[in-house]
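Residue-level listing of the chains:
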Amino acid sequence: MKHGFIKVASASPEIKVADTIYNTNQCIETAHKAAEKEVKILVFPELCITSYTCSDLFYSEKLLKGAVEGLKKYIYATAEYDMVSIIGLPFACEDKLYNCAAVVCGGRLLGLVPKKNIPNYSEFYEARQFAPSPDMNYSVRFEDSYVMLGTRQIFVCNSLPSLKIGAEICEDLWCSEPPSCTLTAAGAVIVANLSASNETIGKEEYRKNLVKMQSARTLCGYIYSSSGLGESTTDIVFSSHCIIAENGTVIAEKKPFDFSSDLLISEIDIERLIYDRRRINTYSKNTHGEEFCEIEFDLQLTDTEFTRYVDPHPFVPDDNSERDKRCETILSIQSAGLAQRIKCAHAKHTVVGISGGLDSCLALLVMAKAADLLNMPRKDIIALTMPCFGTTSRTKNNASVLCSELGVDFRCIDIQGAVNRHFEDIGHDPKSRNVVYENSQARERTQIIMDIANAENGLAVGTGDLSELALGWATYNGDHMSMYGVNASVPKTLVRHIVKYFADTEKKGGNEALANVLYDIIDTPVSPELLPPDENGNIAQKTEDLVGPYELHDFYLYNMLRFGFSPSKLYRLAKYSLGNIYDNNTLIKWLEVFIKRFFAQQFKRSCMPDGPKVGSVSLSPRGDWRMPSDASSALWLEEIEEIKSTLK
């Protein structure tokens, strides 16, 4: 439960129709296995103590008493487990019979949640036996005490008050107004669905999409458990389909007819869900004036062991087809955004500095697509290469070939003389390879780009990417500035894939020369090339040697900005997903660098140029990220020091 991770399970044990003793024992055995795996929330299928397919046997007093005795036995058998169980049974109350979810913890029944929407169609005709839930909660007797029966109940953990659980049953999810909408609006962050959904052609995907979308629209964790082995197959077949979803993403799934295990286990991150609820002010709160009962329970605060997948490259899809689709979408957004800016600025040309590196390469590809959209000649694109002290023959040649293959206006302006003259003007010794030596080159290049844009009635296009903006890895009023930054929300780890996608597309189209130069640019080390090459003429200044691996920085960037994770949580997740590549000291070293630079370099982001947003994370001061330039990083660095002390 540390860092908000709650281990949950969807269970679908084998049962026998109407055999409450057998079914109860199966549920107890499943609960025992879940407790051994430190599950905190366990959800069983609908009516699992009796089985769902009892039909008119539900009228039998023998069966109903057997169900209640089975629930009592389950409560007693699981009393010592540090776990909330939500288990299905029929429950008779005066002259009504309800299809209920019994919520159990610590040897007591916390409450009974009846099904609200009772189907009366096709193979499901529960309305024959069951009544819909009453409009209000009311008290019913169970053993020697009373518990609430009703849908307006939320179960709250005393030791972790943000853990609030609601329940709905099968058809409730399929209707136009699921109870989970009002439950989550009233504060529930996890919803359990006890279901008995039969399998037919196409239903698996429909059911999965329902769960995904309901978890997204209600910003919750959703645990779905469906009946399987042992249910009657007189007319329909059940498949034990189990799903665990979190805000629109399926984080674990037991496919239909997978009977190899009766448990599906994963972890729901309630910190992440609550962060989004606080951030998204259109998230619906309880505005209906409905009163909800909060029933308290206790769980021990433990350090949850991970089993869920943590994406080491959150900006880059693993699946090739998904990755290609994302690359194409981003290129379309970038080029459409630039085309609109060109039209509104009445620009006759676009101007960019082309270094032979990845970022300027992507910017030029976007400019070419924008020109095509506007039916502008590509010769109206002015690409400037401006060699200086650190330029290598490899990058200079790649810049030349790239521009030739794209058919743009390529110009080479050597800036060594201008920079040396500037050194004389300000009294800087060129032997001092300090920040003045480096930044003077960047600012000279920007001045040339801007002046040529002015001379040609052009628009100066920026090349800096999201990762560089996060780290402040840009020269203020140098490459930091432009008239439109097309890469502003594209992270470095994704830039490489977009360029590769473009190269692969060109290769398939028969343009081998353009594809080959793009492949070589992809293989070139990331560098600002502001220091002279080594004795062999190779790049001497490699960015990742100085600021750290972009793979790590993009991981930290995404998870901190998208979900507000603390340093200790960022470190824990990085250790889990990237620990096979980086040791603990390396992970914390570059996390500290990231935090320090992210806070210290905000002033550069506060005045960054316009640029299109392409994903869920952006650093635009006009959009996603608004932060004072003088904000202190002390609290974050204090937490990092605590982590470092454990590594000594």
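For clarity, every value in this text was computed on a predicted model and none was experimentally measured.

Chemist: When you look at a negative patch on the surface in this model, what are you seeing that I'm missing?
Modeler: Residues Asp 318, Asp 319, Glu 322 and Asp 324 make up a contiguous surface patch of negative charge. Checked against the element boundaries, Asp 318 lands in the loop between β17 (293–297) and α7 (320–345). Judged by its relative accessible area of 51%, Asp 318 falls in the exposed class.

Chemist: I keep staring at the sheet that holds β17 and nothing clicks. Help me out?
Modeler: Sheet strands pair by backbone hydrogen bonding; their relative direction is either parallel or antiparallel. Taken together, the seven strands give an open sheet; going across it, the order is β15-β14-β13-β12-β11-β10-β17, and neighbouring strands pair in mixed fashion. Bordering the open sheet on either side are β15 (249–254) and β17, each of which pairs with just one other strand. Looking at each pair of strands side by side, their axes are set apart by 20° on average, direction ignored. Two elements, strand β12 (residues 190–195) and strand β13 (residues 221–226), share six bridges in a ladder whose sense is parallel. Residue pairing across strands places Ile 190 opposite Gly 221, the latter belonging to β13.

Chemist: Looking at this structure, how should I read the pairing of β13?
Modeler: Each regular strand carries side chains that alternate between the two faces of the sheet. With six of its six residues buried, β13 lies for the most part within the structure. Residues of β13 alternate between two faces, with Gly 221, Ile 223 and Ser 225 on one and Tyr 222, Tyr 224 and Ser 226 on the opposite face, all of them buried. Chirality of the crossover, the property in question, places the unit of β12, helix α5 (residues 203–217) and β13 among those that are right-handed. As defined by bridge partners, β13 adjoins strand β14 (residues 242–246) across five bridges and the pair is classed as antiparallel. Its bridge partner being in β14, Ser 225 is matched across the sheet by Cys 242.

Chemist: Would you mind going over the pairing of strand β18 (residues 349–353) with me for this structure?
Modeler: Among the five residues that make up β18, five are buried, leaving the element largely enclosed by the rest of the structure. Here β18 shows two buried faces, one formed by His 349, Val 351 and Gly 353 and the other by Thr 350 and Val 352. By the bridge criterion, three bridges tie β18 to strand β21 (residues 458–462) in an arrangement that is parallel. When the sheet's bridge partners are listed, Val 351 is paired in β21 with Ala 460. Here β18 runs beside strand β19 (residues 381–385); their pairing, made up of four bridges, is parallel. Pairing of Thr 350 across the sheet is with Ile 381, part of β19. The parallel pair β18 and β19 is bridged by helix α8 (residues 358–373), and the resulting crossover is right-handed.

Chemist: Help me understand a nonpolar patch on the surface in this model?
Modeler: A cluster of nonpolar side chains, contributed by Leu 229, Val 237, Phe 257 and Phe 259, occupies part of the molecular surface with about 320 Å² of accessible area. For Phe 259, the position within the fold is in the loop between β15 and β16 (263–269). Of the residues examined, Phe 259 reaches a relative accessible area of 36% and is grouped as partly exposed.

Chemist: Hey, could you run me through helix α1 (residues 20–36) in this one?
Modeler: In an α-helix, one turn spans 3.6 residues, which is why side chains three or four residues apart end up on the same side. For α1, with 17 residues, the first-to-last C-alpha span of 24 Å sits near the 24 Å given by 1.5 Å per residue. Regarding α1, the residues found buried are Thr 20, Asn 23, Thr 24, Gln 26, Cys 27, Ile 28, Thr 30, Ala 31 and Ala 34. In this fold, the buried residues of α1 make contact with β1 (5–11), β2 (41–43), α2 (61–77), β3 (84–93) and β16. Within two residues after α1, Glu 38 carries a phi angle of roughly 65°, on the positive side.

Chemist: I would appreciate a short explanation of the state of the cysteines in the present structure.
Modeler: Taken as a whole and judged by the stated rule, the model has zero disulfides. The thiol of Cys 361 is unpaired, and the distance to the nearest cysteine sulfur, on Cys 403, comes to 9.3 Å.

Chemist: Can you help me understand the pattern of salt bridges in this one?
Modeler: Enumeration according to the criterion identifies 34 salt bridges in this entry. Its salt-bridge partner being Lys 492, residue Asp 359 comes within 2.8 Å of it at the nearest N-O pair. Remark: Lys 492 occurs in helix α13 (residues 492–508) and Asp 359 occurs in helix α8; sequence separation between them is 133 residues. On the basis of relative accessibility, which here comes to 5%, the residue Lys 492 falls in the buried class. Across the pair Arg 421 and Asp 425 runs a salt bridge, and its minimum N-O distance is 3.3 Å. Taken together, the residues Arg 421 and Asp 425, both in helix α10 (residues 416–426) and four residues apart, mark about one turn of the helix. On the basis of relative accessible area, Arg 421 is assigned to the exposed category, the value being 51%. A single salt-bridge network, built from bridges that share partners, covers Glu 204, Lys 208, Glu 253 and Lys 255.

Reading the values: rules and limits
- Residues numbered from 1 in each chain as written.
- Predicted model: local features only at pLDDT ≥ 70, side-chain atom pairs only at ≥ 80, totals over all residues.
- Heavy atoms only, no water.
- Patch = residues over 30% accessible without salt bridge, like charges linked within 9 Å, V, L, I, M, F, W, Y side chains within 5 Å.
- Areas by Shrake-Rupley, 256 points an atom, 1.4 Å probe, with all protein chains shown as cover.
- Salt bridge = Lys/Arg side-chain N within 4 Å of Asp/Glu carboxyl O.
- Lys, Arg positive; Asp, Glu negative; His and termini not counted.
- Charge placed at Lys NZ, Arg CZ, Asp CG, Glu CD.
- Helix = DSSP H or I, 4+ residues; strand = E, 2+ residues; numbered from the N terminus.
- Buried < 20%, exposed > 50% of the residue type's maximum accessible area, 1.4 Å probe, protein only.
- Pairing = 2+ DSSP bridges.
- Axes fitted to C-alpha atoms, helices over the stretch in contact; angles between N-to-C directions.
- Right-handed = clockwise from strand over helix to strand, strands pointing away.
- Expected span 1.5 Å × (residues − 1).
- Contact = heavy atoms within 4.5 Å.
- Disulfide = S-S within 2.5 Å.

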